[in-house]
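# Residue-level structural notes
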Amino acid sequence: SFGTEDKQVDTVIEPATVKSIVGYRIESIDEQMGPCTGTDTLKRCLTFQVEYPVVTGGISDSLHAELNQNILSDITNFYFLSEEPVDFEGLKSNLQSDFEGLLKDFPDYENNWSVEVISDILHQDSLFISVATTITSYTGGAHSNYMQSYRSYDLRTGEAVTLDDLFKSGYEEK
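Residues numbered from 1 in each chain as written. Predicted model: local features only at pLDDT ≥ 70, side-chain atom pairs only at ≥ 80, totals over all residues. Heavy atoms only, no water.

## Focus on the sheet that holds strand β1 (residues 23-33)
What counts here: Paired strands, in this sense, are two strands between which DSSP finds at least two bridges. Only DSSP runs of H or I with at least four residues qualify as helices, and only runs of E with at least two residues qualify as strands; both kinds are numbered from the N terminus onward. Comment: axis = line fitted to C-alpha atoms, over the contacting stretch for helices; angle = value between 0 and 180 degrees taken between N-to-C directions. Here, two residues are considered to be in contact whenever any of their heavy atoms come within 4.5 Å of each other.
The five strands are arranged β1-β2-β3-β4-β5 in an open sheet whose pairing can be described as mixed. Two strands lie at the open edges of the sheet, namely β1 and β5 (145-154), each paired on one side alone. Going from strand to strand, the sheet's axes swing by 15° on average, the running direction of each strand aside. Sheet topology note: the strand β3 (residues 113-124)/strand β4 (residues 128-138) ladder contains ten bridges and is antiparallel. Note that in β4 the partner of Glu116 across the bridge is Thr136. Against the sheet, helix α2 (residues 88-105) contacts β1, β2 (46-57) and β3, and its axis sits at roughly 180° relative to β2.

And the structure:
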């Protein structure tokens, strides 16, 4: 034998659970910016559409703001990689400025730009919610861009769940 075998002890910790499923509503932004000319088909138009969940109940009031801020930050930071934190209004303003600059520099440009962010709670139980986000954007070029993201949040802390939360230490090495 090569030494003694350590007995592994699995400690089960019962987590404090949320007593009910979270309540939430979907907030939305739907705007068109630019000249938006044309009768049948709009041209020279920037369309900005966003839908995202806002948790309203089922968790402590102190966690609402933190959880909602984490969800918004993760949605905006996932695709719109920015040096500074950006929210939907800041993103819309940046896009509008870029689009107007393009129209000024190229007066004959007739294509549309669009950004669509659709996010909703995909799953929830007494400990976690999972948010699915689909982002489609077109800002010129051969094709639009399409991305999906899924993120889970701990309803006891309001924080995003990480791999370190799910696996025993040392999992990275295997």
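## Topic: the nonpolar core
Operational definition: Buried Ala, Val, Leu, Ile, Met, Phe, Trp, Tyr and Cys residues form a nonpolar core when they are joined through side-chain atoms within 4.5 Å. Whether a residue is buried, partly exposed or exposed follows from its accessible area with a 1.4 Å probe, protein chains only, as a fraction of its type maximum: under 20%, in between, or over 50%, in that order.
The biggest cluster of nonpolar side chains holds 32 residues, and the ones touching the most others in it are Phe48, Val55, Leu67, Ile71 and Ile129. Going through the elements one at a time, β1, β2, α1 (61-79), α2, β3 and β4 are the ones with two or more residues in this core. Setting aside anything within four residues of it in sequence, one finds Phe48 in contact with Ile29, Asp30, Glu31, Met33, Phe88, Leu91, Lys92, Leu95 and Val115.

## Quick notes on the pairing of β4
The buried fraction of β4 is high, at eight of eleven residues. In textbook terms, the turn of a hairpin is the stretch between consecutive antiparallel strands, and for β3 and β4 this stretch comprises three residues. Relative to β5, β4 runs antiparallel, the two sharing ten bridges. Opposite Phe128, over in β5, you have Asp154 as the bridge partner. The antiparallel pairing of β4 with β5 creates a hairpin that spans six residues between the two strands, and Gly140 there sits at a positive phi of about 95°.

## Details of the side chain of His64
Summarising the element assignment, His64 is placed in helix α1. The class of His64 is buried, set by a relative accessible area of 14%. If near-sequence neighbours (up to four positions away) are discounted, His64 is found in contact with Val55, Thr56, Gly57 and Ile59.

## Here's the deal with the packing of aromatic side chains
Heads up, the condition is: The pairing test for Phe, Tyr and Trp rings, Trp by its six-membered ring, is centres within 6.5 Å, and the orientation test on the planes gives stacked under 30 degrees, edge-to-face over 60, and tilted for anything in between.
Tallied over the entire structure, the rule returns three aromatic pairs. Taking the centre distance of 5.2 Å and the plane angle of 50° together, the rings of Phe99 and Trp113 count as tilted. Here Phe99, found in helix α2, pairs with Trp113, found in strand β3; they are 14 residues apart in sequence, far enough to count as distant. Taking the relative accessible area as the measure of exposure, Trp113 reaches 9% and is therefore buried. An angle of 40° between the planes, with centres 5.3 Å apart, marks the rings of Phe167 and Tyr171 as tilted. Judged by relative accessible area, Phe167 falls into the partly exposed class, the value being 46%. Given a relative accessible area of 26%, Tyr171 falls into the partly exposed group.

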